[in-house]
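Listed below, chain by chain, are the residues.
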Amino acid sequence: MNSQTEFINEIRLKDGRLLILREPQTADAGEIIEYLNTVGGESDNLLFGKDEFHLTVEQEIEYIAGMSRNSDAHMILAVINDTIVSVAQISSSSRPRIAHNSEIAISVKKEYWGGGIGAAVMGELIRHAKARGNIRSVSLGVRAGNAGAIKLYEKFGFEKVGVHKDYFHVNGTYYDEILMDVMLPS
Ligand SMILES: CC(C)(COP(=O)(O)OP(=O)(O)OC[C@H]1O[C@@H](n2cnc3c(N)ncnc32)[C@H](O)[C@@H]1OP(=O)(O)O)[C@@H](O)C(=O)NCCC(=O)NCCS
């Protein structure tokens, strides 16, 4: 990590390992692409599968740079021993009439599942949303049947608010997307 990195938080996981939460820098671009192409193949629950994340390093660098300029979006990396173990994002619209709503996306590398990383990252995203001051609702979409993720979201107060029928098409099967929201105290 260099001195330019915006450090957000560090958390001691239940197995004793130190989890660092920080904003991405352009130097992370290659590892983020590799990470996304790996996690895409580790579950059928994401919007993309193995090697289906097609940004080049240059495009990812531009994406990260755009993120750091965009006050409506916040991307965080969770890192253990200099390895990215989770990538997550919260974003909202710049349109004033809907700017108080936000949306979350989160993934954790499979070998690290069950260690408290998803909860740590979710906690940070919600903390960020609250700190923004104007955010009233946080939304996400989860593939029907992804019981572990749904349990994690319910722990943070998310409730099912709707369904996108047959939203996912994975290995020839259609799955609904469950839409979940949590309202933040005003
Ligand atoms: C869903 C995901 C983000 C959870 O991350 P994680 O680091 O494994 O979650 P944590 O270890 O922090 O678990 C937090 C809580 O979530 C729930 N949970 C997580 N995984 C679970 C599982 N497989 N079964 C049941 N509950 C689960 C539990 O309530 C858990 O709390 P507990 O350990 O005190 O029981 C991770 O499994 C993942 O990336 N999966 C693949 C991609 C995906 O589904 N992303 C979400 C798309 S919407």
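Everything in this summary refers to the structure shown in the same document.

Things to note about the site of the ligand
With respect to spatial proximity, 23 residues lie near the ligand, and among them V108, G114, G118, N146 and K155 are the closest. Here an oxygen atom of the ligand sits 2.8 Å away from a polar atom, N or O, in the main chain of V108. For the ligand, an oxygen atom lies 2.7 Å from a polar atom in the side chain of N146. Taking 910 Å² as the accessible area of the ligand by itself, protein coverage stands at 75%. Residue assignment for the shell around the ligand shows that the elements contributing at least two residues are strand 5 (101-108), helix 3 (117-132), strand 6 (137-143) and helix 4 (147-155).

Regarding the packing of aromatic side chains
On inspection of all chains with the given rule, the structure shows three aromatic pairs. Plain terms: the ring middles of F48 and F53 are 6.0 Å apart, the flat faces sit at 55° to each other, and that makes the pair tilted. The partly exposed category is assigned to F48, whose relative accessible area is 21%. One Lys or Arg, R143, reaches over the ring of Y175 and ends 3.8 Å from the middle of that ring.

Digging into the nonpolar core
With 34 residues, the main nonpolar core has L19, I104, I117, V121, V138, Y153 and F158 as its most contacted residues. Those elements giving two or more residues to this core turn out to be strand 2 (18-22), strand 3 (73-80), strand 4 (83-92), strand 5, helix 3, strand 6, helix 4 and strand 8 (173-183). Here the element with the most residues in this core is helix 3; it accounts for seven residues. Grouped together as the second largest cluster of nonpolar side chains are 15 residues, A29, Y35, L36 and F53 included.

Here we look at the pattern of salt bridges
Applying the stated criterion to the full structure yields seven salt bridges. Between K50 and D51 there is a salt bridge, and its shortest N-O distance comes to 4.0 Å. Residue classification places D51 among the partly exposed positions, given a relative accessible area of 46%. In this structure, D72 engages R132 in a salt bridge whose closest nitrogen and oxygen atoms are separated by 3.8 Å. Placement of D72 in the loop between helix 2 (57-69) and strand 3 and of R132 in helix 3 is noted, with a sequence separation of 60 residues between them. On the basis of relative accessibility, which here comes to 25%, the residue R132 falls in the partly exposed class.

Quick notes on helix 4
Looking only at helix 4, the buried set comprises A149, I150, L152 and Y153. On an axial view of helix 4, the arc spanned by its buried residues comes to 160°, and they lie on one face. For helix 4, the exposed residues lying more than 90 degrees away from the buried face are A147, G148, K151 and K155. Along its buried surface, helix 4 packs onto strand 5, helix 3, strand 6 and strand 8. Remark: G157 follows helix 4 within two positions and exhibits a positive phi of approximately 90°.

Description of the pairing of strand 2
Across the five residues that make up strand 2, a large majority, four, are buried. Pairing between strand 1 (residues 7-12) and strand 2: five bridges, direction antiparallel. Along strand 2, the bridge assignment pairs R12 with L18. Hairpin geometry of strand 1 and strand 2 is characterised by an intervening segment of five residues between the two adjacent antiparallel strands and by a positive phi of about 95° at G16. Pairing of strand 2 with strand 3 involves three bridges; the strand directions are antiparallel. When the bridges of strand 3 are listed, L21 appears paired with A78.

How each quantity is defined
- Residues numbered from 1 in each chain as written.
- Predicted model: local features only at pLDDT ≥ 70, side-chain atom pairs only at ≥ 80, totals over all residues.
- Heavy atoms only, no water.
- Near = heavy atom within 4 Å.
- Polar contact = N/O pair within 3.5 Å; in protein donor to acceptor, adjacent residues only side chain to side chain.
- Areas by Shrake-Rupley, 256 points an atom, 1.4 Å probe, with all protein chains shown as cover.
- Helix = DSSP H or I, 4+ residues; strand = E, 2+ residues; numbered from the N terminus.
- Phe/Tyr/Trp six-rings, centres within 6.5 Å; stacked < 30°, edge-to-face > 60°.
- Buried < 20%, exposed > 50% of the residue type's maximum accessible area, 1.4 Å probe, protein only.
- Lys NZ or Arg CZ within 6 Å of the ring centre and 35° of its normal.
- Core = buried A, V, L, I, M, F, W, Y, C linked by side-chain atoms within 4.5 Å.
- Salt bridge = Lys/Arg side-chain N within 4 Å of Asp/Glu carboxyl O.
- Arc of directions from axis to C-beta.
- Contact = heavy atoms within 4.5 Å.
- Pairing = 2+ DSSP bridges.

No statement about biological role is implied by the geometric values presented.
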